[in-house]
Amino acid sequence: MLNILATTILAVCAQSTNQLILADGTVLEVTKITAETYSKVEYTTTRSTGSKDAAEVTEIIHALGNKKLEVYAAGVDLMKTGKYEEAVYKFRDVLADDKLLARSTYAWVNQHARFREMRCLYSLAQSEAVAGKADELIAAVPDTFFYAPALLMKASALKNMGDLAGAKAVYAQLDSDVASMSLSRRWENEAELGLVLLDSKLSASAKQRALQGLAEKNGEAFPTVAARARVEVGHAMVEGKEYEKAYNFFTAILEDETSTEAVLASAISGMGDCSYRQALAMDSLDDQKPLLENAILDFLTVASVYREHVEFVPRAMFFAGDALKRIGDSGSAKKVASRLNRLFPGSTYKAKLFKELNLK
């Protein structure tokens, strides 16, 4: 049962080309990236110069073959293999290299190393540090390409800490910045989505309608926002106890080739919720067991495959451990608890699972 927790070690090598990954999935190979701000990304190709609205670009990938970028490249490779703590120190070494950062050719490294450090800390569930690093990034590079993504990560970190008021304030700030800084309306819609998800006054059905409306509003113009809203519709179905409907809804998302890793992790977590909650509604363990086993598989898939998306991982490990206990596999449940303690020792889900299993 626990084999799925084994981490797949990916082959890594230095990125050899400059690429822009666009929101529609297109990979644009470019000769040089000349500017990257919250407004636009400028580049040159062998034949011409060009630019993209920053909201159209989901990722900027720089060539890392130069020896001066060895430490940064090592940090990127460590991230790819899930060694986030080691990667953090690599990126901090990069940010301490004043000679590197002073070179105009590598000016981009400042914001990229800072944002990657944030991502690593987020994956380590160090939410307070993430919030602080978001502020540091924006202070160090005020026009950073990562301006809105950093604020969104800060809001998510605050939410993970239980600081819902703080998260709402960040979403409100981003919404205000759209007008004052002429940011893309994509970020206004992201902020609106975040605020809907934090609105405890909405019933499950009202939240479902609001999320469906956001998915439809963003469908063509901002597909990444639409995808996030759409998967949350499924979670609203779970809140409304529409388990079979939600499970089929999440399954359709898994079959959509445009779904991002974050959306896939959310969908698989939702599938686990459906099976888990259906199982608990039954009286007989014989009836519960197949559903609990399905839930365990889904939750452990989230924990092993989507480790970077920490908004789902500690929670998934808690429910996997709890479900393992319910089917009588206490040994595996304790192994999950041990791994949860090792990866996220400060998580509330770790404390809950230890209490559930009578561990100290």
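Let me begin by describing the structure that accompanies this report. Owing to the predicted nature of the structure, the values given are computational and were not obtained by experimental measurement.

About the thresholds
- Residues numbered from 1 in each chain as written.
- Predicted model: local features only at pLDDT ≥ 70, side-chain atom pairs only at ≥ 80, totals over all residues.
- Heavy atoms only, no water.
- Helix = DSSP H or I, 4+ residues; strand = E, 2+ residues; numbered from the N terminus.
- Rg over C-alpha atoms; globule rule 2.2 N^0.38 Å.
- Buried < 20%, exposed > 50% of the residue type's maximum accessible area, 1.4 Å probe, protein only.
- Contact = heavy atoms within 4.5 Å.
- Areas by Shrake-Rupley, 256 points an atom, 1.4 Å probe, with all protein chains shown as cover.
- Expected span 1.5 Å × (residues − 1).
- Pairing = 2+ DSSP bridges.
- Axes fitted to C-alpha atoms, helices over the stretch in contact; angles between N-to-C directions.
- Salt bridge = Lys/Arg side-chain N within 4 Å of Asp/Glu carboxyl O.
- Core = buried A, V, L, I, M, F, W, Y, C linked by side-chain atoms within 4.5 Å.
- Phe/Tyr/Trp six-rings, centres within 6.5 Å; stacked < 30°, edge-to-face > 60°.
- Lys NZ or Arg CZ within 6 Å of the ring centre and 35° of its normal.

1. Focus on the overall build of the protein chain
1) Next: Across its full length, the protein chain holds 16 helices and six strands.
2) Next: Here the C-alpha atoms of the protein chain give a radius of gyration of 21 Å, agreeing with the 21 Å that 2.2 N^0.38 yields for 360 residues.
3) Next: Considering only C-alpha atoms, the protein chain reaches an extent of 65 × 40 × 35 Å along its principal axes.
4) Next: Relative to its full complement of 360 residues, the protein chain shows a buried share of 50%.
5) Next: Sequence separation of at least 24 residues holds for 55% of the intrachain contacts in the protein chain that already meet a minimum separation of 6.
6) Next: A total accessible area of about 17400 Å² is found for the protein chain, and carbon and sulfur atoms account for 49% of it.

2. Some details on helix H9 (residues 204-218)
1) Next: Here H9 spans 21 Å end to end across 15 residues, near enough to the 21 Å set by a 1.5 Å rise per residue.
2) Next: Each element contacted by the buried residues of H9 is listed here: helix H8 (185-198), helix H10 (223-239) and helix H11 (243-254).

3. Quick word on the pairing of strand S3 (residues 32-36)
1) Next: As paired elements, S3 and strand S4 (residues 40-44) share four bridges and run antiparallel to each other. The partner of isoleucine 33 across the bridge, within S4, is tyrosine 43.
2) Next: Between S3 and S4, which pair antiparallel and follow one another directly, the connecting turn spans three residues.

4. Let's talk about unusual backbone geometry
1) Next: The phi dihedral of alanine 125 is positive, around 60°, even though this residue is not glycine.
2) Next: Phi at serine 182 takes a positive value of approximately 55°, unusual for a residue other than glycine.
3) Next: Looking at the secondary structure, you find serine 182 in the loop between helix H7 (164-180) and H8.
4) Next: For serine 182, a relative accessible area of 61% translates into the label exposed.

5. Considering the sheet that holds S3
1) Next: One open sheet holds the three strands; their spatial order is S3-S4-S5, and the pairing between them is antiparallel. Among the strands making up the open sheet, the edge pair consists of S3 and strand S5 (49-53). Neighbour-to-neighbour, the strand axes of the sheet open up by a mean angle of 20°, direction not taken into account.

6. Remarks on the pattern of salt bridges
1) Next: The tally for this structure, following the rule as stated, stands at 13 salt bridges.
2) Next: Among the ionic pairs, glutamate 136 bridges to lysine 133, the shortest N-O distance being 3.4 Å. In this pair, glutamate 136 and lysine 133 both sit in helix H5 (residues 127-140), three residues apart, roughly one turn of the helix.
3) Next: Taking the shortest distance from any N to any O, the salt bridge between glutamate 242 and lysine 245 comes out at 3.6 Å.
4) Next: When its relative accessible area of 29% is taken as the criterion, glutamate 242 is described as partly exposed.

7. Describing the nonpolar core
1) Next: In this structure, Tyr72, Phe91, Val109 and Met118 are the most contacted members of the largest nonpolar core, which totals 75 residues.
2) Next: In this structure phenylalanine 91 touches Tyr72, Gly75, Val76, Met79, Ala113, Arg116, Glu117 and Cys120, once residues within four positions along its chain are discounted.
3) Next: By size, the runner-up hydrophobic cluster in this structure holds 22 residues, among which are Ala215, Ala227, Val263 and Met271.

8. Digging into the sheet that holds strand S1 (residues 18-22)
1) Next: A sheet is described by the order of its strands in space; here three strands give the open sequence S2-S1-S6, paired in antiparallel fashion. Both edges of this open sheet fall to strand S2 (27-30) and strand S6 (57-61), since each of them pairs with a single strand only. Each strand of the sheet is rotated relative to its neighbour by a mean of 20°, with strand direction disregarded.
2) Next: Sheet analysis places S1 next to S2, joined by four bridges and oriented antiparallel. Pairing of glutamine 19 across the sheet is with glutamate 29, part of S2.

9. Some details on the side chain of aspartate 273
1) Next: Locating aspartate 273 in the fold gives a position in helix H12 (residues 261-280).
2) Next: Overall, aspartate 273 belongs to the buried group, its relative accessible area being 7%.

10. What about the environment of glutamate 293?
1) Next: With respect to the element layout, glutamate 293 can be found in helix H13 (residues 285-305).
2) Next: Its relative accessible area of 33% is what places glutamate 293 among the partly exposed residues.
3) Next: For the pair formed by glutamate 293 and glycine 65, sequence separation is 228 residues and the distance between their alpha carbons is 46 Å.

11. Observations regarding the packing of aromatic side chains
How two aromatic rings sit relative to each other is set out by the distance from centre to centre and by the angle between their planes.
1) Next: Evaluation of the coordinates by the stated rule reveals 10 aromatic pairs.
2) Next: Geometrically, the ring pair formed by tyrosine 276 and phenylalanine 319 is edge-to-face, given 5.0 Å between the ring centres and 75° between the ring planes. In this pair, tyrosine 276 sits in helix H12 while phenylalanine 319 sits in helix H14 (residues 313-326), placing the two residues 43 residues apart along the sequence. The burial state of tyrosine 276 is the same as that of phenylalanine 319; both residues are buried.
3) Next: An aromatic cluster of three or more residues is present, and its members are Tyr276, Phe299, Phe318, Phe319 and Tyr349.
4) Next: Between lysine 350 and the ring centre of phenylalanine 354, over which it is positioned, the NZ or CZ distance is 4.8 Å.
5) Next: Sitting over the ring of phenylalanine 318, lysine 352 keeps its end group 4.7 Å from the ring centre.

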